Structures are given as C-alpha cells and as structure tokens.
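Chain by chain, the residues run as shown.
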Amino acid sequence: FFFVSFPQKMANPDTPENIQYLREHKIPHLFDQLVQKLLSFKPREDIPRFLRDVLSKQVEPSKQGIRVFDYETITANLKVPDAIAAVENAFRMLAQGKVDVPMPMHIGIEESSAAGPGDCHIKGGYITGTTTFTVKLACVSFYKNKARGLSPGSGLFTIMSAETGMPLAVMQENRYLTDLRTGAAGGVAMKYLSRPEHDCVAFIGCGAIAMNMARAAAAIRPIKGFVFSPSGRSSGPFCEKMSAELGMPFTVVHSAKEACEMADVIYTQTPGSSTVLELSWLRPHATIICSGTDQPTKQEIPVDVLKASKYISDLTKQTARVGELRSAIAAGVMTEQDVYAELGEIVNGSKPGREGAELIVCDLTGTGAQDAAIGQVAWDKLRQH
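None of these values were measured; they are calculated from a predicted model.

### What to know about the packing of aromatic side chains
- For the structure shown, the criterion picks out five aromatic pairs.
- Where Phe 238 meets Phe 250, the ring centres are 6.2 Å apart and the plane angle is 75 degrees; that geometry is what we call edge-to-face. With Phe 238 in helix α10 (residues 235-246) and Phe 250 in strand β10 (residues 250-252), this residue pair connects regions lying 12 residues apart in the sequence.
- On the basis of relative accessible area, Phe 238 is assigned to the buried category, the value being 1%.
- An aromatic cluster is built from Phe 203, Phe 238, Phe 250 and Tyr 267, whose rings are joined through pairwise contacts.
- One Lys or Arg, Lys 351, reaches over the ring of Tyr 340 and ends 5.5 Å from the middle of that ring.

Below, the structure written as structure tokens:
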C-alpha cells in the first residue's frame, strides 16, 4: 500500500514528515483496513515504526474532514429493523427528560413564478449519553417537481460530534431516514398499544411511509394487511411489493370503511388534506396510529374519534400545535389535559398502554428525538464505509 501510493517517500518511510503526510493525504478508513490486516501478523516487532506511531494517536474528527454520504449508500445500508430499538429507546429517554428536543422550525415556500409551493421542516435533538447529535432538514410538498422529473420531497441530515461540536457527516437522505424513523415509531406504537393477537392491520395511504409502517409492523409480529389508497392507484403495487418482501398477505380493499371494519390496528399516512375515517367504522378495540398530520393545515382523524379515544401523543407540546390534537383543541372538544400519555411514558413503564378493549389513537408528528436516534444509527453503520 505504502510502496504503491508513495514511492517517492520510501527512502525514509517512518520519518515524522512522512507519517504526517500519510495522516493528511490518505483516506482514513482505507488506511484503517490496512492497519487491521497488519495487526493480524506476528511478531508485532515486524510492523514498521510508522504504523505503530499512527496507531498510537487519535486523529481529530475535524482533521478527517466531513464525511458525505449519498442517497444510494444510505438506502443500501439502513433498513427499518435497524431503527426500531433506537427509536424505542429515544421515546424512553424522552419520557425521562434526557432528550433535548427544540420545537420544529417550519419554513413555508409560497408559490410564485420563482418558487414553490412547498414546505421545509427543521428538527433535531440530542439524547443524553450518545456520541452524536443531529439537525435534520426535510422538504416536502414541492408538488411541481413531478413535472421536472424530481421528487416532491428531499432532505439532509447533519451529524455532529457530541464531544467536540464538530461536524462529522452530511447525509443526503432525501427523506429516507425521516421515513425510516417514522416507520420505526409506528412499530413501537403497535408494540405497546395493541395486543399480540391483534394481527389484522389496515393501511390508509400507500406511500413510502406506509411501506415503512408495514415493515415495522411485520417486525413486531406477523400481520395480515388490508390496504386502501385514497388516490385509487397505488394499493395494488403496494400489496404486491409488501407481500413479496415480507412474506405476509396484503389485500387490496375498495374503501377506507372496509379497511377499518376489518382492522385491529389502523395506520393512516395521507397528505392530511381531509379526514380519512369515521367513528362508526371502527372496531371497539382499534388502535389508530396516524402520521399524516405535521402542520396546522392538516387533519386525518375526526375530532369525535379523538374525543372518544385514549389519546396518546409522541410529544404533546408538538401535537397541540401541529398534530391531530390541534384540531380537537380548536373544536373545543379536548385540551392538553385530556392527553392520556406521551408514547415515551408508556415505553418507559410510567403508564400502562393497552388495558382492555378501549379505542386508542396514537398521534405521531415526528420528534427530534427520533431524528437524533436514527442519526446515531446511521453514523455508526455508515462510518465504516
């Protein structure tokens, strides 16, 4: 490696000058691979002095440079099961007051001849005891992008060292990590808010988040899926893809009413432009896990359903502003005091989840704690590449 890469320096390969040159000019992770190979040889005395010197010192992250990971690398190496345990722990730590989560920032891009329409959400957080913190930028609803051959959503994760405050990585995830951690939260909600025998699961909405909800649900227990697409176009391809990938049955149904009447657990993940179900359609013990409402202009769940339910938020101060709870408060049928619990309190054991045949609604608006959790998972996995 050294002979091929630095032939002009082989007269004195272990001088301080050449050691410094190697540190500054060679890709660290490639060099680390060589080091690990050499360390397998014995006797140790045969390893050149320049390698021992490099091994004895830690290179500061700031001197390594910021790692940049593209979409293809991220999607090839991170899947929903990677995220579930980390997101579950994030909710637990959130309930213990060990996560710093600021309120989200929202930037609205008004439609004009030069821009928009679209929305940008900025979230982030730090979980006590972890080695990184995350700031996430997610762009959504840029609907004119379809005519440009682009996705309506995009996004970046910035991973920072919690030890030094230095940037470690920029991840061009285009909402993949956001959708991953949202799906993981849906799996956590199903685990704690439904019974093991509740295996009939409805999906209202069939986009990327719905697929991750299905993957997360299947990681919790075997399921039978019943799928309705409000657009009427994507339910068939969704069922084919999920059945093949998960080895579990997914069936197209022709109305949201039909899906709800068959379901123990209902996932809703639509644009939130209108409500998607009615109270009379629901089985008494239904668990509704809704994730389509994340700003004040959206609503998926009717307020009478919210009022009749044991209502659980991911973060009450957030759902009261941008989630389903906001609609119920605005209608005068609920207050923040009517929130039974935050999901983290149930994960933490502070309050019981499902106790009987009650109707439960879990409102997932997406928290910075989840972004911090998936950011740590992504860094731990991708830094090896």
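Here the narrative resumes.
### Overview of the confidence of the model for the protein
- Looking at the protein, pLDDT values average 88 and 83% of them are 70 or higher.
- Segment residues 1-11 is flagged for pLDDT under 50; beyond a separation of four residues in sequence, or across chains, it makes 18 contacts in the model.
- Confidence over residues 41-59 falls short of pLDDT 50; this stretch has 26 contacts with residues more than four positions distant or in other chains.

### Observations concerning the pattern of salt bridges
- A full pass over the atoms with the stated rule returns 15 salt bridges.
- Between Glu 111 and Lys 144 there is a salt bridge, and its shortest N-O distance comes to 2.8 Å. Here Lys 144 lies in the loop between β5 (132-140) and β6 (154-161) and Glu 111 lies in the loop between β3 (105-109) and β4 (118-127), a separation of 33 residues in the sequence.
- Taking the relative accessible area as the measure of exposure, Lys 144 reaches 35% and is therefore partly exposed.
- Taken together, the shared-partner salt bridges in this structure form one network comprising Lys 310, Arg 354, Glu 355 and Glu 358.

Reading the values: the criteria
- Residues numbered from 1 in each chain as written.
- Predicted model: local features only at pLDDT ≥ 70, side-chain atom pairs only at ≥ 80, totals over all residues.
- Heavy atoms only, no water.
- Phe/Tyr/Trp six-rings, centres within 6.5 Å; stacked < 30°, edge-to-face > 60°.
- Helix = DSSP H or I, 4+ residues; strand = E, 2+ residues; numbered from the N terminus.
- Buried < 20%, exposed > 50% of the residue type's maximum accessible area, 1.4 Å probe, protein only.
- Lys NZ or Arg CZ within 6 Å of the ring centre and 35° of its normal.
- pLDDT = per-residue confidence, 0-100.
- Contact = heavy atoms within 4.5 Å.
- Salt bridge = Lys/Arg side-chain N within 4 Å of Asp/Glu carboxyl O.

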